Amino acid sequence: MYLGFDLGTSGLRTILVSEGGEILGSEEAHYEVSHPHSGWSEQDPAAWIAACQKTLIALRAANPAAVTAIKGIGISGHMHGATLVDKNGDVLRPCMLWNDTRSAQEAAKMDGTDGFRALSGNIVFPGFTAPKVAWVAKHEPEIFAQIHKVLLPKDYLRYWLTGEYFGDMSDAAGTSWLDVGKRAWSAELLEKSGMRRDQMPDLVEGSEAAGVLRSSLASDWGIEGPVTVVGGGGDNAVAACGVGCFSEGDGFVSLGTSGVILAAKESFSPKPESAVHTFCHAIPNTWYQMGVILAATDCMNWLSKNLGPSPAELSGLLGPTISGPSDIRFLPYLSGERTPHNDSKIRASLIGMDVGTGHAELTQAVMEGVGFALRDNLEALKSTGTDLKRVLAIGGGAASEYWVEMLATLLDMPIDLPEAGDFGAALGAARLAIVGVTGADPKDVMTGPKVAKTVSPRSEFSDAYSEAYEEYRALYPAIKAIKK
């Protein structure tokens, strides 16, 4: 038996999987994100530990015999977070999360320094780890002076599980300290950031061993052991393992808290100026590119919070099929934006409302705004030479038939919907553990899900959505000019 942990922004999900890939149990526990100032996004790592304990206790109660036979653990986690620990392994301050944009000045300075884009293969975004630590050095020097290790969120969870400091290539690629082509920490980038190699964890590939579960935890959870904990990876790379996306031409669109279009790559071919992310995959000798928007279903959550009905109820107002674009435009920059604008200061806008605008019209505008932003991501990916013919849809937003059909039309490609089941990062993490413990070929373990339905573009609306998209594209520079 194998465990897959998916350490998400709002909660931790744990699944129990047999060696043959059958999911035997799944549990979730949730926690809060703190926003003490505009642009800040923090979390207490103690909440991750409490969530892990809660899910394991529940899994053991429901599946005692299966839990006893666990042999491997894989971990997926939200990327870029700066979890700073001292020489005793104690957390020095709340973890600064991926959507924390306070370090915009530090990021811009690093991005303008020779070597950063060339070695890391990416723009230095404010949400990445290196500029956050530089912000701590400037604003919290007493904390910076105590840093023994900088850990990404899932690697802090691993430290608690094993007592050892390890990271993996896919997650480390989002720090701005990794030579992404060579899949190794860059001495040059660390030095230019004021950091040392000994402050970084050792790196392994996603399916390589990275410690053994502490005997006290194994005893508490009723596991006979020993249990190997593998490298795991960043959430999107591990989600790709969950849906079998690791060959050239494979891709998916994720409608989660953030929005992602991801394409697997068999070689390292970055184009930083496009604001496309080029990262190591969670399996060896493979990379991936992705465009990222910082708010996707988060936009629907925001709308729901202000209007009252749940996101699902709001989506239901639109029915299952599209009938053309709205006259209202929504720019989904609630937390700034990554691809293609790399703008941490831009904020969301609703444009074109009138006295008759109601819940349904606002919902359509918000969904379309996310769709237009994902179209921006696809165009950025195309500029790097990536050619996607179709994608798989994952994430909570993919439950909306309307949203998926609108996306298929906007992206001008068919979108596959998997059969009901667990195909996300938790499954990908468990699959990495299976490969690491058994030595199986990833292609035999990380298979794609069965497709329940393919949603095709609605060609009769293509021209109307293309015109609406051009209107959307014109709004960013116009609003940027007056909101400097």
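Residues numbered from 1 in each chain as written. Predicted model: local features only at pLDDT ≥ 70, side-chain atom pairs only at ≥ 80, totals over all residues. Heavy atoms only, no water.

Engineer: Just checking my understanding: could you explain the overall build of the protein chain for this structure?
Structural biologist: The secondary structure content of the protein chain amounts to 18 helices and 24 strands. Relative to the 2.2 N^0.38 estimate, which gives 23 Å for 484 residues, the radius of gyration of the protein chain is 22 Å and therefore close to what a compact globule would have. Burial status across the protein chain gives 61% buried among its 484 residues. Here the contacts in the protein chain between residues at least 6 apart in sequence split such that 73% fall between residues at least 24 apart. As displayed, the protein chain offers around 17,900 Å² of accessible surface, 49% of which is attributable to carbon and sulfur atoms. The protein chain carries 40 positive and 58 negative side-chain charges, and their two centres are separated by 4 Å. (Helix = DSSP H or I, 4+ residues; strand = E, 2+ residues; numbered from the N terminus. Rg over C-alpha atoms; globule rule 2.2 N^0.38 Å. Buried < 20%, exposed > 50% of the residue type's maximum accessible area, 1.4 Å probe, protein only. Contact = heavy atoms within 4.5 Å. Areas by Shrake-Rupley, 256 points an atom, 1.4 Å probe, with all protein chains shown as cover. Lys, Arg positive; Asp, Glu negative; His and termini not counted. Charge placed at Lys NZ, Arg CZ, Asp CG, Glu CD.)

Engineer: Explanation requested: unusual backbone geometry in the structure shown.
Structural biologist: Residues G225 and P226 are joined by a peptide bond in cis, for which omega reads -5°. Tracing the sequence through the fold places P226 in the loop between α10 (215-221) and β14 (228-230). Cis peptide bonds are those with omega within 30 degrees of zero, and the linkage from T339 to P340 qualifies with 0°. The phi torsion at S176 lies on the positive side, around 75°, for a residue other than glycine.

Engineer: What is the right way to look at the pairing of strand β22 (residues 391-394) in this model?
Structural biologist: What you see with β22 is no split at all: V391 and A393 on one side and L392 and I394 on the other are buried throughout. When strand β16 (residues 251-255) meets β22, the two strands line up parallel, connected through 3 bridges. Across the sheet, residue F252 finds its bridge partner in β22, namely L392. Bridging between β22 and strand β23 (residues 415-418) involves 2 bridges; their strand directions are parallel. Bridge pairing links L392 to D416 in β23. The parallel pair β22 and β23 is bridged by helix α15 (residues 401-411), and the resulting crossover is right-handed. (Pairing = 2+ DSSP bridges. Right-handed = clockwise from strand over helix to strand, strands pointing away.)

Engineer: Any chance you could explain the nonpolar core here in plain terms?
Structural biologist: Within soluble globular proteins, side chains that are nonpolar tend to cluster in buried spots. Of all hydrophobic cores here, the largest spans 72 residues; its most connected members are L84, W177 and F252. In terms of residues, this core owes the most to one element, helix α16 (residues 425-438), which gives 9 residues. Apart from residues no more than four positions distant in its own chain, W177 is found in contact with T129, A130, V133, V150, W185, S186, L189, L190, S193, M195 and M200. In this structure, I346, A373, A380 and Y465 belong to the second largest nonpolar core, which totals 54 residues. (Core = buried A, V, L, I, M, F, W, Y, C linked by side-chain atoms within 4.5 Å.)

Engineer: Is there a simple way to think about helix α12 (residues 297-307) in this case?
Structural biologist: Structurally, the α-helix is built with 3.6 residues per turn, so residues lying three or four positions apart point the same way. By the burial criterion, the buried members of α12 are T297, C299, M300, L303 and S304. Seen end-on, α12 carries its buried residues on one side only, within an arc spanning 150°. Exposed residues lying more than 90 degrees from the buried face of α12 are K305 and N306. Lining the buried residues of α12 we find β16, α13 (311-316), β20 (329-331), α14 (359-383) and α15. Count one or two residues on from α12 and you reach G308, which has phi positive near 115°. (Arc of directions from axis to C-beta.)

Engineer: Would you mind going over the side chain of H277 with me for this structure?
Structural biologist: Mapped onto the elements of the fold, H277 is located in strand β18 (residues 277-280). A relative accessible area of 0% means that H277 is categorised as buried. Ignoring any residue separated from it by four or fewer positions in sequence, one finds H277 in contact with N122, F125, F128, Y288, Q289, M290, V292, R338 and T339.

Engineer: Can you walk me through helix α18 (residues 462-482) in this structure?
Structural biologist: With 21 residues, α18 should cover 30 Å at 1.5 Å per step; its first-to-last C-alpha distance of 31 Å lies within 8% of that length. Every buried residue of α18 is listed here: S462, Y465, A468, Y469, Y472, L475, Y476 and I479. Buried residues along α18 sit in contact with β20, β21 (349-351), α14 and α15. (Expected span 1.5 Å × (residues − 1).)

Engineer: Explain the environment of Y165 to me, please; I cannot follow it from the model alone.
Structural biologist: Along the chain, Y165 falls in the loop between α7 (153-162) and β9 (166-168). As a C-alpha pair, Y165 and M200 span 35 residues in sequence and 8.3 Å in three-dimensional space. Each residue touching Y165, except ones within four places of it in the same chain, is listed here: V85, D86, G89, H148, K149, L151, Y159, P201 and D202.

Engineer: Mind showing me how you'd approach the sheet that holds strand β17 (residues 259-265) here?
Structural biologist: Spatial strand order, β18-β19-β17-β16-β22-β23-β24: 7 strands in an open sheet with mixed pairing. Here the strands that pair on one side only, and so sit at the sheet edges, are β18 and β24 (451-455). With direction set aside, neighbouring strand axes in the sheet form an average angle of 30°. As defined by bridge partners, β18 adjoins strand β19 (residues 287-293) across 4 bridges and the pair is classed as antiparallel. Looking across to β19, one finds that C280 is bridged to W287. (Axes fitted to C-alpha atoms, helices over the stretch in contact; angles between N-to-C directions.)

Engineer: For this particular structure, what's the right way to read the pattern of salt bridges?
Structural biologist: Two side chains that carry opposite charge are able to pair once their charged atoms sit near each other. If you walk through the whole model with that rule in mind, you get 26 salt bridges. The partner of E460 in a salt bridge is R458, and the shortest N-O contact between them spans 2.8 Å. Classification of R458 by relative accessible area gives partly exposed; the value is 22%. Here E470 makes a salt bridge to R473, at a shortest N to O gap of 3.5 Å. Residue E470 and its partner R473 are both found in helix α18; the two are separated by 3 residues, about one turn of the helix. Residue classification places E470 among the partly exposed positions, given a relative accessible area of 43%. Overall, the relative accessible area of 46% leaves R473 in the partly exposed class. Overlapping salt bridges bring together E42, R93, D100, R102 and E140 as one network. (Salt bridge = Lys/Arg side-chain N within 4 Å of Asp/Glu carboxyl O.)

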